[in-house]
Each structure stands twice: as C-alpha cells, then as structure tokens.
Amino acid sequence: METTQVYSKDKHFKKSDSTISAISVGTGAVVSILLMGYFLLLRNFALEQIFYLRLLNIFFLLGGILVAEYLCSSKIAHKVDYLRGLRVGMQVTLAATIPYVIFMVLYLKTNPDFMTFIQTHTHFGKFLNPLVPCVIGIVGIEGIVSGFVLTYVVMPYFKRK
C-alpha cells in the first residue's frame, strides 16, 4: 500500500513539474513576441538606433518572470520552493531569449545597415563583425544574464510568500 502512495506522489510531482515547465515556456514565448514587437515598433518609428531604449527589454523580461512565478506559486504548488522558482525564471529567460536572438540574427542579415550603424556608433563596435556567432553572443548573453539576475532578485519575494 505504501508503494502505491509513493508512486502517486511521484506521479503528481512529475505532472506538477511538467505544468510548471509549460507555464514557464509559454510565458517566455509571450515575452519573446513582446520583445520582437517592441523592436519592430522602435524600427517603425526609426528609434532602433537609440540604444538606451533597449534597457526597457529588462521590464518585459521582469514582467514575464513575475507572471510565471505568480502562476506557478498560486495555481500549481501554492508555494514554489527556491530551486523550482529559480528554474522557472531561467526557463522563462531561455524561452524568451532564444527566439529573440534568432529574430535579431535574421533582422541583421536582412538589414546590414543596422550592423554598420552599431559598428560605427558604439564603444565595442570596432570589435563586432556581422557574423552570426558575434550577434548570438552579445544579444544572447545580455538577455540570459539579465534574466538570471532578475530571477535571483525576484525569487526571495516568492519564497517568503
């Protein structure tokens, strides 16, 4: 009889983990679409050359992490432990960053003038080349590091809840 209870708890745990992952990846996908839309909006108004507007990407990512943490803590587990909460934030970050990096690579391939602008108007531009690994490295690392830092900042709030 005990083995059945342990198995049912383990089965519930796996179901809960898959639901948490689905919420995290879904929220990350929405954040990624918002980031792409924000960039296209800036492009539409010819504001993509103002690099400081890129800082607002952090608020999109922060909002996605907060929504995913809230949904996971209130709907699924009623309290997400610290490591699961970190995993949620990191899954949201990766699910948001990877498609956005692919989008930026495609954008820079179709619009080489923007890459030339970056090379001539930024401090690190002389070190950049239009090759894909360079773009993936900079945009990807920027997104992943900021998402991980935001997760570590946000998680103690949900841990106390």
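Refer to the structure above for everything that follows.
What counts, and at which threshold
- Here, residues in each chain are numbered from 1, in the same order as that chain's written sequence.
- Residues qualify for local features only when their pLDDT is at least 70, as the model is predicted, and side-chain atom pairs are given and counted only at 80 or more; totals for whole chains, interfaces and linings, by contrast, use all residues.
- As a rule here, side-chain values come from all non-hydrogen atoms in the structure, and water together with hydrogens is ignored.
- Each helix is a run of H or I in the DSSP string that is no shorter than four residues. Each strand is a run of E no shorter than two, and both are numbered from the N terminus.
- Note on ring pairs: Phe, Tyr and Trp rings are taken, using the six-membered ring of Trp, and paired if centres are within 6.5 Å. Classes follow the plane angle, with under 30 degrees stacked, over 60 edge-to-face and the rest tilted.
- Per-residue accessibility, obtained with a 1.4 Å probe over protein chains only, is compared with the maximum for each type, and a residue is labelled buried under 20%, exposed over 50%, and partly exposed between these values.
- Take the buried residues of types Ala, Val, Leu, Ile, Met, Phe, Trp, Tyr and Cys, join any two whose side-chain atoms come within 4.5 Å, and each joined set is a nonpolar core.
- For this analysis, residues touch if any pair of their heavy atoms sits within 4.5 Å.
- Pairs of N or O atoms are called polar contacts if they sit within 3.5 Å, as long as, within protein, a hydrogen donor faces a hydrogen acceptor (for residues adjacent in sequence, only side-chain-to-side-chain pairs).

Visitor: Would you explain the overall build of the protein chain in this entry?
Guide: Within the protein chain one finds five helices and zero strands. When the helices and strands of the protein chain are listed from N to C terminus, the series reads α-α-α-α-α.

Visitor: Please clarify how the packing of aromatic side chains should be interpreted in this entry.
Guide: Two measures describe an aromatic ring pair: the distance that separates the ring centres and the angle between the ring planes. Following the criterion strictly, the structure yields four aromatic pairs and no others. The interplanar angle of 80 degrees and the centroid separation of 4.9 Å between the aromatic rings of F39 and Y107 together place this pair among those described as edge-to-face. You can see F39 sitting in helix α1 (residues 2-44) and its partner Y107 sitting in helix α3 (residues 82-110), a full 68 residues away along the chain. Residues F39 and Y107 agree in their burial class; the two are buried. Of the aromatic side chains, those joined through ring pairs into one cluster are F39, Y100, F103 and Y107.

Visitor: Even after reading the chapter, I still don't get the nonpolar core, so can you show me in this structure?
Guide: Nonpolar side chains tend to gather and get buried jointly when the protein is soluble and globular. The biggest cluster of nonpolar side chains holds 27 residues, and the ones touching the most others in it are F39, Y100 and F114. Mapped by element, the contributors of at least two residues to this core are α1, α2 (57-76), α3, α4 (112-121) and α5 (132-160). Those residues in contact with F39, other than ones at most four positions away along the chain, are E48, Y100, F103, M104, Y107 and F114.

Visitor: Honestly, the side chain of T27 in this entry has me stumped. Any pointers?
Guide: By the element assignment, T27 lies in helix α1. Within the local environment of T27, its side chain forms a polar contact with the backbone oxygen of I23, the two atoms lying 2.7 Å apart.

Visitor: Sorry if this is basic, but what is going on with the side chain of T93 here?
Guide: With respect to the helices, strands and loops of the structure, T93 is situated in helix α3. Among residues more than four places away in sequence, those in contact with T93 are L61, I65, G143, I144, G147, F148 and T151.

Visitor: How should I be thinking about unusual backbone geometry in this particular structure?
Guide: With the exception of glycine, the majority of residues adopt a negative phi angle, and the majority of peptide bonds are in the trans configuration. Residues other than glycine seldom take positive phi values, yet A46 does so here, at roughly 55 degrees. Summarising the element assignment, A46 is placed in the loop between α1 and α2. Taking relative accessible area as the criterion, A46 reaches 56% and is therefore assigned exposed.

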